[in-house]
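# Remarks on the overall topology
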Amino acid sequence: MAPWRTLGMSVMALGFVVAIGAVVVSGWVVLPPLLAATLVLTGAALSVDYFGFRRRTTDWTGTRRPGAAVSAHLHALEARFARDRRRGSVHAAASARQLLLALAELDRLRHAGAVLDCLAAESVSRFRHDPCGDALRALALSELGRPAEAARLDRALPADAGRAPVVAWARARMAERRGAIAEALAALDQAEPRPGSGVAHDLDALRARLSLRAGKADEAERVLRGLAGAGGRPWVERLADDEPVALALLARRALGLDGAYR
């Protein structure tokens, strides 16, 4: 049963009990403790993530190149997560989720073992869906050599989750690891990123790599040229520096730097 449906049925049941109490005793006897309990629970819901309310929503914003500032931020998140987990803080799950996103931004999900354990325990009792966090958890499980768990978590995502760029990115990466290149490209086709955003550039860079692996070098070069001309030149430069030779050559050609290889 959906979490919000369960919560709604619980509220209806409580309202039924309160109505009976008001008829049998008196409304003035039942309402004050009911209002007090409502205020307390509302405050708790706004204070922690357990009840499904979050003070600030953060989602995957794309990959980032390593650097001193990025590394310092990652170390700070790791320290906060370790501290919250050691103390048994109610904010441990929120810290784990932020650390998971930071690891995904740097493509270091293979180091997310402790984070996955914390978020798996939190997911059992939460009252909200988290496609972004669950998709990244699935990708991390895949990279840690636990494909069965990754597939089970991916199947549990909402039916329309594939339109979210982070879900498409994670599914394409998982399919790529399995060697299912056509499936990976199909996952990217479902994504609906905001044009010109960093996330859209990440998806295009991944599409170029997958197209090349599928034997479509012309398509890969077309995607790279479009990416370079749409504000994604840093992404193409990253491919020219860090990727295998075949893709690096296409990236340099898209940047107009292929003359050095003649």
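Residues numbered from 1 in each chain as written. Predicted model: local features only at pLDDT ≥ 70, side-chain atom pairs only at ≥ 80, totals over all residues. Heavy atoms only, no water.

## A few points about the packing of aromatic side chains
What characterises a pair of aromatic rings is the spacing of the ring centres plus the angle enclosed by the ring planes. Rules: To pair, rings of Phe, Tyr and Trp, with the six-membered ring standing in for Trp, must have centres within 6.5 Å; the planes then decide the type, stacked if under 30 degrees apart, edge-to-face if over 60, and tilted in the middle. Counting from the N terminus, the helices are the DSSP runs of H or I reaching at least four residues and the strands are the DSSP runs of E reaching at least two. Categorising residues by exposure relies on relative accessible area from a 1.4 Å probe, with only protein chains included: less than 20% of the type maximum marks a residue as buried, more than 50% marks it as exposed, and the intermediate range marks it as partly exposed.
Going through the model one piece at a time under the given rule, you end up with one aromatic pair. Between Trp60 and Trp169, the aromatic rings sit 4.5 Å apart at their centres with planes inclined by 25 degrees, giving stacked as the arrangement. One end of the pair, Trp60, is in the loop between helix H2 (27–47) and helix H3 (68–87); the other, Trp169, is in helix H8 (residues 165–178), with 109 residues separating them in the sequence. Here Trp169 falls in the buried class, since its relative accessible area comes to 3%.

## Topic: the packing of helix H6 (residues 131–143) against helix H7 (residues 147–155)
Filter applied, for reference: Note on geometry: axes are lines fitted to C-alpha atoms, helical ones only across the stretch in contact, with angles between N-to-C directions running from 0 to 180 degrees. Relative orientations are named as follows: roughly parallel for angles under 35 degrees, roughly antiparallel for angles over 145 degrees, roughly perpendicular for angles from 65 to 115 degrees, and oblique for any other angle. Note: crossing handedness is left-handed where the near helix turns anticlockwise from the far helix by less than a right angle, and right-handed where it turns clockwise. Contacts were defined at the residue level, with two residues in contact if any of their heavy atoms lie within 4.5 Å. Side-chain classes follow a simple rule in which Ala, Val, Leu, Ile, Met, Phe, Trp, Tyr, Cys and Pro form the nonpolar group, Asp, Glu, Lys and Arg form the charged group, and the remainder, Gly included, forms the polar group.
Their axes nearest at 7 Å, the elements H6 and H7 cross at an angle of 165 degrees. One finds that H6 runs roughly antiparallel with respect to H7. Where H6 crosses over H7, the two elements pack in a sense that is left-handed. Within the contact between the two elements, H6 uses Asp134, Arg137, Ala138, Leu141 and Ser142 and H7 uses Pro147, Glu149, Ala150, Leu153 and Asp154. Per-class residue counts for the contact of H6 with H7 are five nonpolar, one polar and four charged.

## Description of the confidence of the model for the protein
Which entries qualify depends on this criterion: pLDDT is defined as a per-residue confidence score from the predictor, taking values between 0 and 100.
Confidence in the prediction of the protein, expressed as mean pLDDT, is 83, and 82% of residues score 70 or more. In this model, residues 49–56 is a region of pLDDT below 50 whose contacts with residues beyond four sequence positions or in other chains number 23 contacts.

## Let's talk about unusual backbone geometry
Although it is not a glycine, Asp107 sits at a positive phi angle of roughly 60 degrees. Relative to the helices and strands, Asp107 is located in the loop between helix H4 (92–105) and helix H5 (113–123). Given the relative accessible area of 32%, Asp107 is considered partly exposed.

## Looking at the side chain of Asp130
Inclusion rule: Here a polar contact means two N or O atoms within 3.5 Å. Within protein one must be a hydrogen donor candidate and the other an acceptor candidate, and residues neighboring in sequence count only if both atoms are side-chain atoms.
Mapped onto the fold, Asp130 is located in the loop between H5 and H6. For Asp130, a relative accessible area of 7% gives the class buried. In terms of polar contacts, Asp130 uses its side chain to reach the backbone amide nitrogen of Gly133, at 3.2 Å.

## Focus: the packing of H3 against H4
The geometry of H3 relative to H4 is characterised by a closest axis approach of 9 Å and an angle of 155 degrees between their N-to-C directions. Looking at the two axes, H3 sits roughly antiparallel to H4. As H3 runs across H4, the sense of the crossing is left-handed. For the pair H3 and H4, the contacting residues are Leu74, Leu77, Glu78, Arg80, Phe81, Asp84 and Arg85 in the first and Ala92, Ser95, Ala96, Gln98, Leu99, Ala102 and Leu103 in the second. Of the residues contributing to the contact of H3 with H4, the split by class is eight nonpolar, two polar and four charged.

## Quick word on the side chain of Ser211
In this fold, Ser211 is placed in helix H10 (residues 198–213). Among residues more than four places away in sequence, those in contact with Ser211 are Leu185, Lys216, Glu219 and Ala220.

## Overview of the pattern of salt bridges
The condition that has to hold: A carboxyl oxygen of Asp or Glu within 4 Å of a side-chain nitrogen of Lys or Arg is what we treat as a salt bridge.
Considering all chains together, one arrives at 17 salt bridges under this definition. Two residues, Asp130 and Arg97, come together in a salt bridge whose shortest N-O distance is 2.8 Å. Residue Asp130 is located in the loop between H5 and H6, and its partner Arg97 is located in helix H4; the two are separated by 33 residues in the primary sequence. Exposure remark for Arg97: the relative accessible area of 7% places this residue in the buried category. A salt bridge links Arg171 to Asp154; the nearest nitrogen and oxygen atoms lie 2.7 Å apart. Of this pair, Arg171 sits in helix H8 while Asp154 sits in helix H7, and the two are 17 residues apart along the sequence. Bridged by salt links that share partners, the residues Asp107, Glu143 and Arg173 form one connected network.

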